[in-house]
Amino acid sequence: MAIKSVDITILSNGLGAVPPGGGETIAVIGVSASGTADTTLQSSLPSAFTSGYGYGPGPQAAAFIAQHGGNNVIFTKAATVAAGSNSAVTHTGTGASVVTLTGTPLDSYFLVVEVTTGGTVGVAGCIVTVSLDAGRTVYATAALGTATTYLIPNTGLTLNFTAATLVAGDTYTAVSTEPKWDTTSLVAAMDALIASGKQFKNVLIVGAMSASEAASLKAEATVFFNKKRFNRFFANARDATWGGTSNETEAQWITAITADYAGFEADRINVSAGAYNIISPLSQTQFRRPLSWAEAAVDATTGIGEDISAVALGSYPMVSKPANDDGFIYYDVQSNSALDR
């Protein structure tokens, strides 16, 4: 008779940045740069999601939740239907080089390119820094050398410079919007999540959702319920419309959100409003993310039946308002209860 044995495989860096927590598994559904739609990956390693599916809001959300609690997260890729887009580039300064932005963005970016060492494009010596979060952090430093283009890593974007002068201190800014699913691809991903047989507590849907899209989510939540999957869903309404500076005031944004969701009700869906600076565990960039990401991260560290808004849990450590006004809207229900429903 063969001797019984157990094989143990030790993965390099398999423990992640934090020890496994005592919480629950959260499922995340969203778009990504690569990977096969309607497939799943379960891991507690933040980097596993970009290794398997590339960059984008979906893997970033899964990585963020895994980083926060140290628990397993299930990511399901939804097919991208609407590609992201870029605004025109705004130049502040005296340099003659014209900068344009090309490529399809993988995520939402508030791009700030600052010239730190000037010169003539095409002649070695020019150095620029690139920020993806409106200048809060430096994402990359690029010595252009003799090149007239710079591919910003893991963003899908390329900076193009005309062969003219760059002046130290000049800035070039632009806004990129993230890609998104449609209701058909979202439902297909949700069906794939159920079919995977994996067990999870609740589900985060990554991508701004209108009331009509939330109605489709509500119908699919009923499908989950009928299959004895008693999960709750985190979703988010859209952010204010931005173009480098807000094209909507807070009052205009609140009015639009309220009107859109006036007739919507759902027992198993929580739609949050408001976006805040949340640090990516992959690049330390302070991306503007919806409150639902923080809610799902806290939910991953609590047991079933525990109220994630309980005072005893303390404040959400990953969400804070900047000390100085940076021009962005940070909705605070304590000072304005218009969206508290």
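Residues numbered from 1 in each chain as written. Predicted model: local features only at pLDDT ≥ 70, side-chain atom pairs only at ≥ 80, totals over all residues. Heavy atoms only, no water.

1. Describing the packing of helix α2 (residues 57–69) against helix α6 (residues 291–299)
Reasoning step 1: Look at α2 against α6: their axes get within 8 Å of each other, and the N-to-C directions meet at 40 degrees. One way to sum up the angle between α2 and α6 is to call them oblique. Relative to α6, α2 is oriented so that their crossing is right-handed. From α2, P57, Q60, A61, F64, I65 and H68 reach across to α6, where they touch W293, A294, A296, A297 and V298. (Axes fitted to C-alpha atoms, helices over the stretch in contact; angles between N-to-C directions. Helix = DSSP H or I, 4+ residues; strand = E, 2+ residues; numbered from the N terminus. Parallel < 35°, antiparallel > 145°, perpendicular 65-115°, else oblique. Left-handed = near helix turned anticlockwise from the far one by under 90°. Contact = heavy atoms within 4.5 Å.)

2. As for the side chain of T76
Reasoning step 1: Along the chain, T76 falls in strand β3 (residues 73–77).
Reasoning step 2: Aside from chain neighbours lying at most four places away, what touches T76 is V28, I29, G30, D38, T39, T40, A189 and L193.

3. Let's talk about the sheet that holds strand β13 (residues 171–176)
Reasoning step 1: Pairing in this open sheet of 5 strands is antiparallel, and the strands run β4-β13-β6-β8-β9 from one edge to the other. Each end of this open sheet is capped by a strand with a single partner; those strands are β4 (90–92) and β9 (140–143). Neighbour to neighbour, the strand axes of the sheet diverge by 20 degrees on average, direction disregarded.
Reasoning step 2: Alignment of β4 against β13, held across 3 bridges, turns out to be antiparallel. Along β13, the bridge assignment pairs H91 with Y172. (Pairing = 2+ DSSP bridges.)

4. A closer look at the sheet that holds strand β14 (residues 202–208)
Reasoning step 1: Strands sit in the order β2-β3-β1-β14-β15-β16 across an open sheet of 6 strands; the sheet is mixed. Each edge of the sheet is formed by a strand with only one pairing partner; in this case those strands are β2 (40–43) and β16 (269–272). Sheet twist, expressed as the mean angle between neighbouring strand axes with direction ignored, is 20 degrees.
Reasoning step 2: In the packing of helix α4 (residues 211–226) onto the sheet, the strands contacted are β14, β15 (233–236) and β16, and the crossing angle to β15 comes to about 175 degrees.

5. Quick look at the pattern of salt bridges
Reasoning step 1: Following the criterion strictly, the structure yields 6 salt bridges and no others.
Reasoning step 2: A salt bridge links R289 to D107; the shortest N-O distance between them is 2.9 Å. Highlighted residues: R289 in strand β18 (residues 286–290) and D107 in the loop between β5 (99–103) and β6 (109–117), separated in sequence by 182 residues. Each member of the pair, R289 as well as D107, is classed as buried. (Salt bridge = Lys/Arg side-chain N within 4 Å of Asp/Glu carboxyl O. Buried < 20%, exposed > 50% of the residue type's maximum accessible area, 1.4 Å probe, protein only.)

6. A look at the environment of T285
Reasoning step 1: By the secondary structure assignment, T285 is in the loop between β17 (275–279) and β18.
Reasoning step 2: T285 sits in the buried class, given a relative accessible area of 0%.
Reasoning step 3: Placed 66 residues apart in sequence, T285 and A219 show a C-alpha to C-alpha distance of 35 Å.
Reasoning step 4: Other than its neighbours up to four places away in sequence, T285 contacts L132, D133, T137, Y139, I278, I279 and S280.
Reasoning step 5: At 2.9 Å, the side chain of T285 forms a polar contact with the side chain of S283. (Polar contact = N/O pair within 3.5 Å; in protein donor to acceptor, adjacent residues only side chain to side chain.)

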